[in-house]
Amino acid sequence: MAKVIHTPDINGIGLIDALQTLRNQLPATPEPVLFLTNDNMVRVVARHWEDIDGLYRLSWGHCRDSILSLLDKASLEAHCRENDLPYPRTWTFHSQDNPHHVSLNNLEAQGLTFPLIVKPTQPLSGFKVRLVRSRNELVELVNSYPNALPFLLQHWIQGGDRRILFVALYLDQGRILARFTGRKLASQPPAMGQTTVAESYQHERMEALAEEFFKPLRLSGPVSLEAKLDDHGNPWIIEPTLGRTDYWLDCCTANGVNLPWVEYQSQCGLPGTTPRQTAGTIWFDTESSPASYLRLRWLGGETATARWNARFAYWDRRDPAPSVWAMWRFLKWFISRAWAKAIQVIRRGRPLRAQP
């Protein structure tokens, strides 16, 4: 059974302090294996690994400089250009640029036209991705998130969620020990945001692209690559994940590829076999999209298998407590939101008092 330990800071330098304190509470041997879950954690641990080296096992500790570099989306573009990988046309919009002066000529010089995808170059910077259809929308976005600059302005590849594929790998010095290929069925916001529904979906061209992307880097640890198919079925790179698990990780486990277990075996020197990917289980993030399961069951839609089972972010009949807690948290949020809306309606309906 897992034990949850609350710490005041998991996204900054406080994470290192918390890990040092926690290590004193654990058995002296063996060294625990670290599994990180967001880019801020990866960045902090990579920069301060010397402070906890020897206390924990980190699968990518020896290649952390490469991991840090690729967390910056500007470096991602350079890697794709150097290795002739399909990456959408991109222009970096810096803080000193004036969005009011972004003309069609500026964009056309970069081979770009509206609509455009806009992303902060650094992850977890206020928003993940937005679709802007005009210069006015770009101005509004810059004004709303000035601290998230610089932005990447990127060519928008048409198509919905089902064109977005991903490959998750566990690597050892560039060697693939485990692989899982999947497809988005829904995301938030649609066609460009966080995955809310995912399925097992093998795709040879996508798998080949992931191998080409990671091969020159000779990385170790958990990685994944996301890409979108154009009208001709060609995959275009969206972004990689490095040094951490993805939230849709349980989609892989439910379909035969338990990546954390492969990583644990590798780090502890345990014998292991290459897992075989299966299909037939669809993963739902009902925390971010509560109606996603009902929507797919009732409205249907193309899936890799006609008959499928469901796996949820929290619910599991063998361990219902996390789901109950999540439902209670959602209910409290919903009630507070409804109450706030009701108060607004009541206040708008009150007649104005005459001023003396």
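Scope of this entry: the structure provided in the associated data block. (Residues numbered from 1 in each chain as written. Predicted model: local features only at pLDDT ≥ 70, side-chain atom pairs only at ≥ 80, totals over all residues. Heavy atoms only, no water.)

## Things to note about the sheet that holds strand 3 (residues 130-132)
Inclusion rule: Any two strands with at least two DSSP bridges between them are considered paired. Working definition: helices are DSSP H or I runs of at least four residues, strands are E runs of at least two. Numbering for both runs from the N terminus. In this description, a line fitted to the C-alpha atoms serves as the axis of each element, helices being fitted only across the stretch in contact, and the angle between N-to-C directions of two axes falls anywhere from 0 to 180 degrees. Any two residues whose heavy atoms approach within 4.5 Å are treated as being in contact.
Spatial ordering of the open sheet is given by 1-4-2-3, a layout of four strands whose pairing is antiparallel. Two strands in the sheet have a free side with no partner beyond their single neighbour: strand 1 (90-93) and strand 3. Going across the sheet, the axis of each strand differs from the next one's by a mean of 30°, ignoring polarity. Where strand 2 (residues 116-120) meets strand 4 (residues 151-155), five bridges bridge the pair, whose relative direction is antiparallel. Bridge pairing links I117 to Q154 in strand 4. Taken strand by strand, helix 6 (residues 135-144) contacts strand 1, strand 2, strand 3 and strand 4, and its axis lies near 140° from that of strand 3.

## Some details on the pattern of salt bridges
Put simply, the rule is: Just to be clear on terms, a salt bridge is a Lys or Arg side-chain nitrogen sitting within 4 Å of an Asp or Glu carboxyl oxygen.
Tallied over the full model, the rule gives 13 salt bridges. One salt bridge connects R64 with E50, and the closest N-O pair in it is separated by 3.1 Å. Of this pair, R64 sits in helix 3 (residues 64-71) while E50 is found in the loop between helix 2 (39-47) and helix 3, placing the two residues 14 residues apart along the sequence. In this structure, the salt-bridge partner of D231 is R163, at a minimum N-O distance of 2.7 Å. With a gap of 68 residues between them, D231 in the loop between strand 8 (221-229) and strand 9 (235-242) and R163 in the loop between strand 4 and strand 5 (164-172) connect regions that are remote in the sequence. A single salt-bridge network, built from bridges that share partners, covers R183, E199 and E302.

## Remarks on the nonpolar core
Burial of nonpolar side chains together is a common tendency in soluble globular proteins. Rules: Here, nonpolar core means buried Ala, Val, Leu, Ile, Met, Phe, Trp, Tyr and Cys residues that are tied together by side-chain atoms lying within 4.5 Å of each other. We call a residue buried when its accessible area falls under 20% of the maximum for its residue type, exposed when it is over 50%, and partly exposed in between, using a 1.4 Å probe and counting protein chains only.
V45, W60 and F214 are the most contacted members of the largest nonpolar core, which totals 40 residues. Put simply, the parts of the chain that give this core at least two residues each are helix 1 (14-23), helix 2, helix 3, helix 4 (73-82), strand 5, helix 7 (204-214), strand 8 and strand 9. Once residues within four sequence positions are removed from consideration, W60 is found in contact with L36, V42, V45, A46, I67, S220, P222 and G243. Counting 16 residues, the second largest nonpolar core, distinct from the first, contains V118, V132, A148 and L149.

## Looking at the environment of T273
Structurally, T273 is set in the loop between helix 9 (259-268) and strand 10 (281-284). Remark: the alpha-carbon pair of T273 and G61, spanning 212 residues in sequence, is separated by 24 Å.

## Brief notes about the pairing of strand 10
To keep things clear, this is the line we draw: Here is how to tell: hold the view so the strands point away, follow the path from the first strand over the helix to the second, and if it runs clockwise the crossover is right-handed.
Of the two faces of strand 10, the one lined by T281 and W283 and the one lined by I282 and F284 are each fully buried. Alignment of strand 7 (residues 194-200) against strand 10, held across three bridges, turns out to be antiparallel. By the bridge assignment, V197 is partnered in strand 10 with F284. Where strand 10 lies against strand 11 (residues 309-312), four bridges are found, and the strand directions are parallel. For I282, the partnering residue across the bridge sits in strand 11 and is A310. Since strand 10 and strand 11 lie parallel, the crossover through helix 10 (residues 292-299) that links them has a hand, and here it is right-handed.

That is the geometry; function is a separate question.
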